Amino acid sequence: MQQVEAGAGRRVQVPLGERAYEIVIEPGALRNAGALIARRLPKARVAIITDATVAGFHLGSLHAALDETGIGHETITLPAGEKTKSFAHLIDVVDAVLAARLERGDAIVALGGGVIGDLAGFAAGIVRRGMHFIQVPTSLLAQVDSSVGGKTGINSPHGKNLVGVFHQPSLVIADTAVLDTLSPREFRAGYAEVAKYGLIDKPDFFAWLEKNWQRVFDGGPERVEAIAVSCEAKAEVVVADERESGRRALLNLGHTFGHALEAATEYDGSRLVHGEGVAIGMVLAHEFSNRMNLASADDAARVAAHLRQVGLPTRLSDIPGGLPPAERLLDLMGQDKKVVRGRLTFILTRGIGQSFIADDVPPAEVHAFLKEKLA
């Protein structure tokens, strides 16, 4: 980990040839959104997609920044929550963008968390066969994960994120100050994705987080640093494997378990939000790796201890309302996007920062493990 400097913003490049883009990470970046967009897409008009909660906090600031640089804009405000990632709301967005007569050279701007980013990005990928797309993520989870890499989509009754396209943004504007408007629960949920990058292949970063997590929560240079390291880690993987045919699957550490848990709770955010599912999933992945004699129990305990320390759930019993039996959870995992020819793909680990892709995990072992954890 590099020395953290007070007051420093960071820029992360995602070098994808003609589709390369920049991630701007700094407090107050939203105030400069108009200038940043105008520099990247001169003369473009934009459609802002946001939700009712985020609009109340940040839409006025974005409007002011666009007006200051003369960028024409329309706004489409949707309900907040995971259930907004649906066909019905996708149709609403597509119709509104077309009604506003935006052209292919114009842009759709996602102002919000992962739900808005995924939905708006999907719309940008299909309207007029592909419009420019700009991410202005307002949650920690979106800033470090879903806003980077071009994975967009909506949920289906069959599972999470099963309908969508790969569509890279033209620019990501991550204002670290807007995270102060998040509830503690939302911030903690996003932090799970930050910790994930350390657990994949950056053990030094995970150790740094164990020492500095409170400063990340409090704001300041440590927050900028944690977000920048996370974005650099994701950008590196995306450039190597843009369409998740190999190494990019590592970014799903904890997600095979986590997505099944979200589906099992019917995407009810009062019971479980995405980052909480990932936190539990990462602990389960380390515990299952220990069960398979791949990693030590001490590593699984260390992961659980840190996530518990920051206030995240780490056990199935932490989810209110109960869960379906192991058979149903295994069935939900079978709808995961990482299933290949009916075979489950898990991200397992040999220790902290030593994750790997396992595509030969016996379903019977997973079933027995889940049954044990549910007991």
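We now turn to the structure provided with this report. (Residues numbered from 1 in each chain as written. Predicted model: local features only at pLDDT ≥ 70, side-chain atom pairs only at ≥ 80, totals over all residues. Heavy atoms only, no water.)

**Section: the overall build of the chain**
Here's step 1: Scanning the chain from terminus to terminus reveals 13 helices and 11 strands.
Here's step 2: Relative to the globule expectation of 21 Å for 375 residues, the C-alpha radius of gyration of the chain, 20 Å, shows essentially globular dimensions.
Here's step 3: Dimensions of the chain, computed from the C-alpha atoms along their principal axes, are close to 60 × 45 × 40 Å.
Here's step 4: Scored against the burial criterion, the 375 residues of the chain give a buried share of 58%.
Here's step 5: Summarising the internal contacts of the chain: among those between residues at least 6 apart in sequence, 75% fall at separations of at least 24.
Here's step 6: Looking at the chain as shown, the accessible area adds up to about 15100 Å², and 49% of this sits on carbon and sulfur atoms. (Helix = DSSP H or I, 4+ residues; strand = E, 2+ residues; numbered from the N terminus. Rg over C-alpha atoms; globule rule 2.2 N^0.38 Å. Buried < 20%, exposed > 50% of the residue type's maximum accessible area, 1.4 Å probe, protein only. Contact = heavy atoms within 4.5 Å. Areas by Shrake-Rupley, 256 points an atom, 1.4 Å probe, with all protein chains shown as cover.)

**Let's talk about the packing of aromatic side chains**
Here's step 1: Inspection of every chain in the model, using the stated rule, returns eight aromatic pairs.
Here's step 2: Through a chain of ring-to-ring contacts, three or more aromatic side chains come together here, namely Phe-187, Tyr-191, Trp-213 and Phe-217.
Here's step 3: When the ring centre of Tyr-197 is taken as reference, the NZ or CZ atom of Lys-196 above it lies at 4.9 Å.
Here's step 4: When the ring centre of Phe-356 is taken as origin, the NZ or CZ atom of Arg-350, which lies over that ring, is 3.9 Å away. (Phe/Tyr/Trp six-rings, centres within 6.5 Å; stacked < 30°, edge-to-face > 60°. Lys NZ or Arg CZ within 6 Å of the ring centre and 35° of its normal.)

**Description of a positive patch on the surface**
Here's step 1: On the surface, Arg-101, Arg-104, Arg-128 and Arg-129 cluster together into a patch of positive charge.
Here's step 2: Relative to the helices and strands, Arg-104 is located in the loop between helix H3 (87-99) and strand S5 (107-112). (Patch = residues over 30% accessible without salt bridge, like charges linked within 9 Å, V, L, I, M, F, W, Y side chains within 5 Å. Salt bridge = Lys/Arg side-chain N within 4 Å of Asp/Glu carboxyl O. Lys, Arg positive; Asp, Glu negative; His and termini not counted. Charge placed at Lys NZ, Arg CZ, Asp CG, Glu CD.)

**Focus on the sheet that holds strand S9 (residues 171-175)**
Here's step 1: Read across the open sheet, the seven strands follow the order S1-S2-S9-S6-S5-S3-S4; overall the sheet is mixed. With one partner strand each, in any of the chains shown, strand S1 (10-14) and strand S4 (73-78) form the two edges of the open sheet. The mean inter-strand angle of the sheet, taken between neighbouring strand axes irrespective of direction, is 15 degrees.
Here's step 2: As paired strands, S5 and strand S6 (residues 132-137) are joined by six bridges and run parallel to one another. By the bridge assignment, Gly-112 is partnered in S6 with Pro-137.
Here's step 3: Together, strand S3 (46-51), S4 and S5 form the strand contacts of helix H2 (residues 52-68), whose direction differs from that of S3 by roughly 155 degrees.
Here's step 4: Sitting on the sheet, helix H8 (residues 221-240) touches S1 and strand S2 (21-26), and the angle it makes with S1 is about 10 degrees. (Pairing = 2+ DSSP bridges. Axes fitted to C-alpha atoms, helices over the stretch in contact; angles between N-to-C directions.)

**Section: the pairing of S4**
Every other side chain in a regular strand lies on the same face of the sheet, so the side chains alternate between the two faces.
Here's step 1: Bridge count for S3 against S4 is six bridges, and the pairing is parallel. Residue pairing in the sheet places Asp-51 in a bridge with Leu-78 of S4.

**Concerning empty space enclosed by the protein**
Gaps between atoms show up when a probe of the same size as a water molecule is rolled over them.
Here's step 1: By the definition in use, this model includes four cavities of 30 Å³ or more.
Here's step 2: In this structure, the second largest cavity encloses a volume near 70 Å³.
Here's step 3: Put simply, the parts of the chain that give the lining of the second largest cavity at least two residues each are helix H6 (184-201) and H8.
Here's step 4: Grouping the constituent residues of the lining of the second largest cavity by class yields six nonpolar, no polar and four charged. (1 Å grid on protein atoms, 1.4 Å probe; cavity = no way out; pocket = protein on both sides within 12 Å on 5 of 7 lines; lining within 4 Å. Points joined across faces, edges and corners; volume = space filled by probe spheres on them. Nonpolar A, V, L, I, M, F, W, Y, C, P; charged D, E, K, R; others polar.)

**Looking at the layout of surface pockets**
Here's step 1: Roughly 260 Å³ of volume is contained in the second largest pocket.
Here's step 2: As for the second largest pocket, its lining consists of 16 residues, and the residues nearest its centre are Ser-156, Pro-157, His-158, Gly-159 and Tyr-267.
Here's step 3: Listed by contribution, the elements that provide at least two residues to the lining of the second largest pocket are strand S7 (154-156) and helix H12 (326-333).
Here's step 4: Take the lining of the second largest pocket: its biggest share by element is three residues, from H12.
Here's step 5: Class assignment of the residues belonging to the lining of the second largest pocket gives a composition of four nonpolar, six polar and six charged.

**Observations regarding helix H11 (residues 297-309)**
Here's step 1: When the terminal C-alpha atoms of H11 are compared, their 18 Å separation across 13 residues agrees well with the 18 Å that a helix rising 1.5 Å per residue should span.
Here's step 2: Buried within H11 we find Asp-299, Ala-300, Val-303, Ala-304, His-306 and Leu-307. All buried residues of H11 fall inside an arc of 165 degrees around its axis, so they share one side.
Here's step 3: Packing partners of the buried residues in H11 comprise H6, helix H7 (203-218) and helix H10 (274-291).
Here's step 4: Gly-311 sits one or two positions beyond H11 and adopts a positive phi of about 100 degrees. (Expected span 1.5 Å × (residues − 1). Arc of directions from axis to C-beta.)

**Some remarks on the pattern of salt bridges**
Here's step 1: The tally for this structure, following the rule as stated, stands at 22 salt bridges.
Here's step 2: Between Asp-145 and Lys-234 there is a salt bridge, with the nearest N and O atoms lying 3.4 Å from each other. Of this pair, Asp-145 sits in helix H5 (residues 140-146) while Lys-234 sits in helix H8; the two residues are 89 residues apart in sequence, bridging distant segments of the chain. Assigned by exposure class, Asp-145 and Lys-234 land together as buried.
Here's step 3: Linked by salt bridges that have partners in common, Glu-82, Lys-85, Asp-118, Lys-160 and Glu-262 make up one network.

**Overview of the pairing of S5**
Here's step 1: In terms of residue burial, S5 counts as a mostly covered element, since six of its six residues are buried.
Here's step 2: Residues Ala-107, Val-109 and Leu-111 point to one face of S5 and Ile-108, Ala-110 and Gly-112 to the other, with burial holding for every one of them.
Here's step 3: Note on the crossover from S5 through helix H4 (residues 114-126) to S6: the handedness is right-handed. (Right-handed = clockwise from strand over helix to strand, strands pointing away.)

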